[in-house]
Amino acid sequence: MQRELAELRKLIERQQLLLEDKQEADRLREQVTGLQNERDVTEKELEKVKAELEAERKKGFWGKIFKKVP
């Protein structure tokens with residue numbers, strides 16, 4: 001009986017460790033997803049800034065001096 005109880009306690013302990021590992025993996029997966037989303041937003045912002053910069057470069061000297069004010 002004592003041996004069975006000890007085995008059950010070990011089994012419960014292993015299951016608790018597995019559950020903790022799964023919870024940590026889920027937390028890390030959510031964190032990675034959040035970071036990927038942030039990266040995607042940052043990439044879009046960077047592309048927008050690059051496009052604006054390229055448009056400004058193409059204006060030329062007089063286009064920059066006499067630009068239209070909205």
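Residues numbered from 1 in each chain as written. Predicted model: local features only at pLDDT ≥ 70, side-chain atom pairs only at ≥ 80, totals over all residues. Heavy atoms only, no water.

Novice: How should I be thinking about the overall build of the chain in this particular structure?
Specialist: Helix and strand content of the chain: 1 helix and 0 strands. For the chain, whose C-alpha radius of gyration is 29 Å, the value lies well above the compact-globule estimate of 11 Å for 70 residues. When its C-alpha atoms are laid out on the principal axes, the chain stretches across 95 × 20 × 10 Å. Looking at the 70 residues of the chain, the share that counts as buried comes to 0%. Looking at the chain as shown, the accessible area adds up to about 7200 Å², and 58% of this sits on carbon and sulfur atoms. Distance between charge centres in the chain, computed from 17 positive and 16 negative side chains, equals 8 Å. (Helix = DSSP H or I, 4+ residues; strand = E, 2+ residues; numbered from the N terminus. Rg over C-alpha atoms; globule rule 2.2 N^0.38 Å. Buried < 20%, exposed > 50% of the residue type's maximum accessible area, 1.4 Å probe, protein only. Areas by Shrake-Rupley, 256 points an atom, 1.4 Å probe, with all protein chains shown as cover. Lys, Arg positive; Asp, Glu negative; His and termini not counted. Charge placed at Lys NZ, Arg CZ, Asp CG, Glu CD.)

Novice: Whenever I open this one, the pattern of salt bridges confuses me. Can you help?
Specialist: Side chains that differ in charge, positive against negative, can pair when their charged atoms come close. Tallied over the full model, the rule gives 7 salt bridges. With a shortest N-O distance of 2.6 Å, Glu24 and Arg27 are connected by a salt bridge. Of this pair, Glu24 and Arg27 both sit in helix α1 (residues 2–65), 3 residues apart, roughly one helical turn. Within the structure, one salt-bridge network assembled from shared partners comprises Lys22, Asp26 and Arg29. (Salt bridge = Lys/Arg side-chain N within 4 Å of Asp/Glu carboxyl O.)

Novice: Which parts of the structure should I look at to understand the environment of Glu30?
Specialist: Topologically, Glu30 is positioned in helix α1. Exposure remark for Glu30: the relative accessible area of 62% places this residue in the exposed category. Sequence separation between Glu30 and Gln16 is 14 residues, and the spatial gap between their C-alpha atoms is 21 Å.

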